[in-house]
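Structural overview for review
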Amino acid sequence: MPLDPPLTRPTRVEIDLDALCFNLSQVRQRVGAECEILAVVKADAYGHGARGVAPALQAAGADQFGVALVGEGLDLRRYGITRPVVVLGGVFPGEEPLLLEHDLQPALYDLDVARRLDAASREAGRRIPCHLKIDTGMGRLGFRPERLPEVLATLKALPGLELRGVISHLALADEPEKSFTAAQVERFQAVVNQVREAGFAPRYLHLANSAAIYSRDLCGCNLVRPGISLYGGLTGSPFEQDVPQRPVMRFLSQVAQVKEVPAGEGVSYAHRFVTARPSRIAAVPVGYADGYSRLLTGKGEVLIRGCRAPVAGTVCMDWILVDVTHIPGVTVGDRVTLLGSDGTESITAKEWADKVGTITYEVFCNISKRVPRIFVSGKE
Ligand SMILES: *Cc1c(COP(=O)(O)O)cnc(C)c1O
């Protein structure tokens, strides 16, 4: 693993690669040996750092990788990923040569793109494996099923493209109500039949994200696309208890200053917090520029010496202030856990997400580039 830049600031993210590999092994157990796993590592592995996450997943048996952008696919190749890489977000004009050069497989949902890829493929003398993206009800990317005859006829005439897979995405997989998901699955199966009747033989059929992996059977698919469950952030009523997943990210800092403050004094911008008693206030070098959401103003809690401590007042760009009056002995250099466990207490991404009205995915992705990711595993 390449060395990290010098850690001149104690604020950091630790990525537990053992927990990551455990989570992958649970997906493997769930889907069986016959089904391939495409590990979704878009957005820098959901903010966990693809540089460390993707190689660990590859070594632990992930069969393929999924990214959103061509640029993210290039990054994976730089990090030593040799397995197939699917660009789930497709290709934009001008990216075709890069796609070919780095052997990336696009999701395909536009016929002009298909024609440009075909042209690029002929120039390079190499076919491009594509995953035909169908909108079965997500209402985002993909051809609507009724366009299939035209789409398949066009693809027939583009020999530079190889139809490697058929892909769709579920809109409601993480909700208990299953009937719409069942309808999406049915539409997908009808599409696959049409594709086959048109003479194509796609090797991979894939539909399931994490929530679907853990709530449905695979409906004839032979590739699954877990993202959030690999990072231990799958939430929702059926999953939290039943899915064996361990949190992968710990977000840590240190106390930089501790001050005795008399009662009745305002703390941080706008004096949203006023001490109700003689207090001890700790300054911690993390702020919204690091991804510690400003919406945690007056709501966030951190762990110091195994105890919960509330954020006092406004979250700043580079700092938070924490009321540690009730925790004996807090001193400069004490570890501060923003996300993760300390002793018997823990702060989960779900707790944080609920407080600011978002989902675990966004909590992870928002941890900014300024925070170094440190990859740890017991094997080192
Ligand atoms: C992000 C993404 C996934 C992974 O979804 P999770 O909910 O994180 O498991 C799967 N498929 C597609 C097309 C995606 O964009």
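Residues numbered from 1 in each chain as written. Predicted model: local features only at pLDDT ≥ 70, side-chain atom pairs only at ≥ 80, totals over all residues. Heavy atoms only, no water.

1. Remarks on the overall build of the chain
On a plain count of helices and strands, the chain comes out with 12 helices and 20 strands. When its C-alpha atoms are laid out on the principal axes, the chain stretches across 80 × 45 × 40 Å. In the chain, buried positions account for 52% of the 380 residues. Restricting the contact set of the chain to residue pairs at least 6 apart, pairs at least 24 apart contribute 66%. (Helix = DSSP H or I, 4+ residues; strand = E, 2+ residues; numbered from the N terminus. Buried < 20%, exposed > 50% of the residue type's maximum accessible area, 1.4 Å probe, protein only. Contact = heavy atoms within 4.5 Å.)

2. Quick look at helix α6 (residues 111-124)
Between its terminal C-alpha atoms α6 stretches 20 Å, which fits the 20 Å expected from 14 residues at 1.5 Å a residue. Three or more residues of α6 are buried, namely L111, V113, A114, L117, D118, A120 and S121. Tucked inside the fold, the buried residues of α6 contact α5 (96-101), β5 (104-108), β6 (128-133), α7 (148-156) and β7 (161-167). Where α6 begins, the side chain of D110 points an oxygen toward the backbone nitrogen of D112, at a separation of 2.8 Å. G125, located one to two residues past α6, shows a positive phi value of around 70 degrees. (Expected span 1.5 Å × (residues − 1). Polar contact = N/O pair within 3.5 Å; in protein donor to acceptor, adjacent residues only side chain to side chain.)

3. Points about the nonpolar core
Counting residues in each nonpolar core, the largest one holds 115 residues, and the members touching the most others are L57, F65, L132, L155, Y292 and I320. Here this core takes 6 residues from helix α1 (residues 17-31), the largest share from any one element. Shared between two domains, this core takes at least three residues from each, and those domains are domain 1 (35-231) and domain 2 (249-376). (Core = buried A, V, L, I, M, F, W, Y, C linked by side-chain atoms within 4.5 Å. Domains from an automatic or database assignment.)

4. Notes on the sheet that holds strand β14 (residues 279-284)
In any sheet, the strands associate via hydrogen bonds between backbone groups, in a parallel or an antiparallel arrangement. With respect to topology, 3 strands assemble into an open sheet ordered β11-β14-β17, the strand pairing being antiparallel. Only two strands of the sheet have a single neighbouring strand rather than two, namely β11 (257-261) and β17 (320-323). Put simply, the sheet's adjacent strands are angled 30 degrees from each other on average, direction ignored. In this structure, β14 lies alongside β17, joined through 4 bridges in antiparallel fashion. The residue of β17 that forms the bridge with I281 is D323. (Pairing = 2+ DSSP bridges. Axes fitted to C-alpha atoms, helices over the stretch in contact; angles between N-to-C directions.)

5. Overview of the domain arrangement of the chain
In terms of domains, the chain is made up of domain 1 (35-231) and domain 2 (249-376). The C-alpha-based centres of domain 1 and domain 2 are spaced at 39 Å. On the domain 2 side, the residues contacting the 11 residues of domain 1 number 8 residues. Regarding the contact of domain 1 and domain 2, the summed buried area is about 870 Å², with carbon and sulfur atoms giving 65% of it. K369 is the salt-bridge partner of D44, the closest N and O atoms lying 3.6 Å from each other. Counting the contacts that link domain 1 with domain 2 gives 1 residue pair in polar contact (both at pLDDT 80 or more). Of all the secondary-structure elements, those providing two or more residues to the side of domain 1 that touches domain 2 are α2 (42-46) and α3 (50-59). Residue composition of the side of domain 1 that touches domain 2, grouped by class: 5 nonpolar, 4 polar and 2 charged. (Buried area = accessible area lost by both parts, 1.4 Å probe. Salt bridge = Lys/Arg side-chain N within 4 Å of Asp/Glu carboxyl O. Nonpolar A, V, L, I, M, F, W, Y, C, P; charged D, E, K, R; others polar.)

6. Some remarks on the pattern of salt bridges
Throughout the structure, instances matching the rule amount to 21 salt bridges. One salt bridge connects R144 with E146, and the closest N-O pair in it is separated by 2.8 Å. Given a relative accessible area of 49%, R144 falls into the partly exposed group. The network of salt bridges with shared partners includes E301, R308, E345, E351 and K355.

7. Here's the deal with the side chain of D135
Among the secondary structure elements, D135 is positioned in the loop between β6 and α7. R144 provides the closest opposite charge to the buried, unpaired D135, separated from it by 4.5 Å. Of note is the side chain of D135, whose polar atom sits 3.1 Å from the backbone nitrogen of M138. One polar contact links the side chain of D135 to the main-chain amide nitrogen of G139, over a distance of 2.9 Å. In this structure D135 touches R140, L141, G142, F143, R144 and P145, once residues within four positions along its chain are discounted. (Lys, Arg positive; Asp, Glu negative; His and termini not counted.)

8. Digging into the pairing of β7
Burial analysis of β7 places 6 of its 7 residues in the buried class, the great majority of the element. Pairing analysis gives 6 bridges linking β6 to β7, with the strands arranged parallel. Note that in β7 the partner of H131 across the bridge is G165. For the handedness criterion, the β-α-β arrangement of β6, α7 and β7 is classed as right-handed. (Right-handed = clockwise from strand over helix to strand, strands pointing away.)

9. Let's talk about the environment of V274
Its location among the elements puts V274 in strand β13 (residues 273-274). Along the chain, V274 and G264 lie 10 residues apart, while their C-alpha atoms are 5.7 Å from each other. Once residues within four sequence positions are removed from consideration, V274 is found in contact with G264, E265 and G266.

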